[in-house]
Amino acid sequence: MINISMDDVIGLDEVLELYCENHWSSAEKPDLLMRALRKSDALVTARLDGKLVGLANAISDGYLVVYYPHMLVHPTYHGRGVGRKLMEAMQTKYAGFHQQMLTADGDAVGFYKSLGFEKAGMAEAMWIYGGNEH
């Protein structure tokens, strides 16, 4: 059974494994990545038998707006409801907020639509970014 927690303590090695398995460039800056995750307004983890199989974080002003920058599930566990449980925990925490935002790409668009997210009107995602896709 997947254990979802908003009080978990994460370790560098397990976080890097998750990010590397998903080919996210954040893994190339491990110290900054760990500081960012630990300073997030919220961090939710998914574990199976103690192994970190997913995580998501949130950045928020605490009242109106929340942004979900990272949501990763180990590829071995894709399609098993882990991502849905992570996002449901976040959406429960931030229920009632005026705006919940994220950037979805590729196959993730349909997943996030199933959770109630929709394209942001005529808005276009823009960034200054030092990585590839993640």
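Please refer to the structure placed before this passage.
This section reports on the structure supplied with the text. (Residues numbered from 1 in each chain as written. Predicted model: local features only at pLDDT ≥ 70, side-chain atom pairs only at ≥ 80, totals over all residues. Heavy atoms only, no water.)

## A short note on the overall build of the chain
Per the secondary structure count, the chain includes four helices and six strands. Shown N-terminal to C-terminal, the secondary structure of the chain runs as helices and strands in the order β-α-α-β-β-β-β-α-β-α. For 134 residues, the compact-globule estimate of 2.2 N^0.38 gives 14 Å, and the C-alpha radius of gyration of the chain, at 14 Å, lies within 12% of that figure. Projecting the C-alpha coordinates of the chain onto the three principal axes gives extents of approximately 40 × 35 × 30 Å. Counting the 134 residues in the chain, one finds 37% classified as buried. Counted over contacts in the chain with a minimum sequence separation of 6, partners at least 24 positions apart contribute 62%. Of the roughly 8500 Å² of accessible surface on the chain, 53% is carried by carbon and sulfur atoms. Taken together, the 12 basic and 17 acidic charged side chains of the chain have centroids lying 2 Å from each other. (Helix = DSSP H or I, 4+ residues; strand = E, 2+ residues; numbered from the N terminus. Rg over C-alpha atoms; globule rule 2.2 N^0.38 Å. Buried < 20%, exposed > 50% of the residue type's maximum accessible area, 1.4 Å probe, protein only. Contact = heavy atoms within 4.5 Å. Areas by Shrake-Rupley, 256 points an atom, 1.4 Å probe, with all protein chains shown as cover. Lys, Arg positive; Asp, Glu negative; His and termini not counted. Charge placed at Lys NZ, Arg CZ, Asp CG, Glu CD.)

## As for the environment of Tyr63
Following the sequence through the fold, Tyr63 ends up in the loop between strand E3 (51-60) and strand E4 (65-68). For Tyr63, a relative accessible area of 69% corresponds to the exposed category. Note: C-alpha distance between Tyr63 and Lys93 (30 residues apart in sequence) is 11 Å.

## Overview of the packing of aromatic side chains
Under the definition given, this model contains seven aromatic pairs. Relative to Tyr94, the ring of Tyr68 has its centre 6.2 Å away and its plane inclined at 65°; by these criteria the two rings are edge-to-face. Of this pair, Tyr68 sits in strand E4 while Tyr94 sits in the loop between helix H3 (82-93) and strand E6 (99-102), and the two are 26 residues apart along the sequence. For Tyr68, a relative accessible area of 4% puts it in the buried group. (Phe/Tyr/Trp six-rings, centres within 6.5 Å; stacked < 30°, edge-to-face > 60°.)

## A look at the side chain of Asn22
Note that Asn22 resides in the loop between helix H1 (12-21) and helix H2 (30-39). Overall, Asn22 belongs to the buried group, its relative accessible area being 16%. Here the side chain of Asn22 touches Val73 through a polar contact of 3.2 Å, landing on its backbone oxygen. Those residues in contact with Asn22 that lie beyond four places of it in its chain are Leu72, Val73, His74, Pro75 and His78. (Polar contact = N/O pair within 3.5 Å; in protein donor to acceptor, adjacent residues only side chain to side chain.)

## Observations regarding the packing of H1 against H2
It is at 11 Å that the axes of H1 and H2 come closest, and there the two elements cross at 100°. It follows from the interaxial angle that H1 and H2 lie roughly perpendicular. For the pair formed by H1 and H2, the contact residues are Leu12, Val15, Leu16 and Tyr19 on the first element and Pro30, Leu33, Met34 and Leu37 on the second. Of the residues in the contact of H1 with H2, the class split is eight nonpolar, no polar and no charged. (Axes fitted to C-alpha atoms, helices over the stretch in contact; angles between N-to-C directions. Parallel < 35°, antiparallel > 145°, perpendicular 65-115°, else oblique. Nonpolar A, V, L, I, M, F, W, Y, C, P; charged D, E, K, R; others polar.)

## So, the side chain of Ser25
Position of Ser25 among the secondary structure elements: in the loop between H1 and H2. Overall, Ser25 belongs to the buried group, its relative accessible area being 14%. Here Tyr129 takes part through its side chain, which lies 3.2 Å from a polar atom of the side chain of Ser25.

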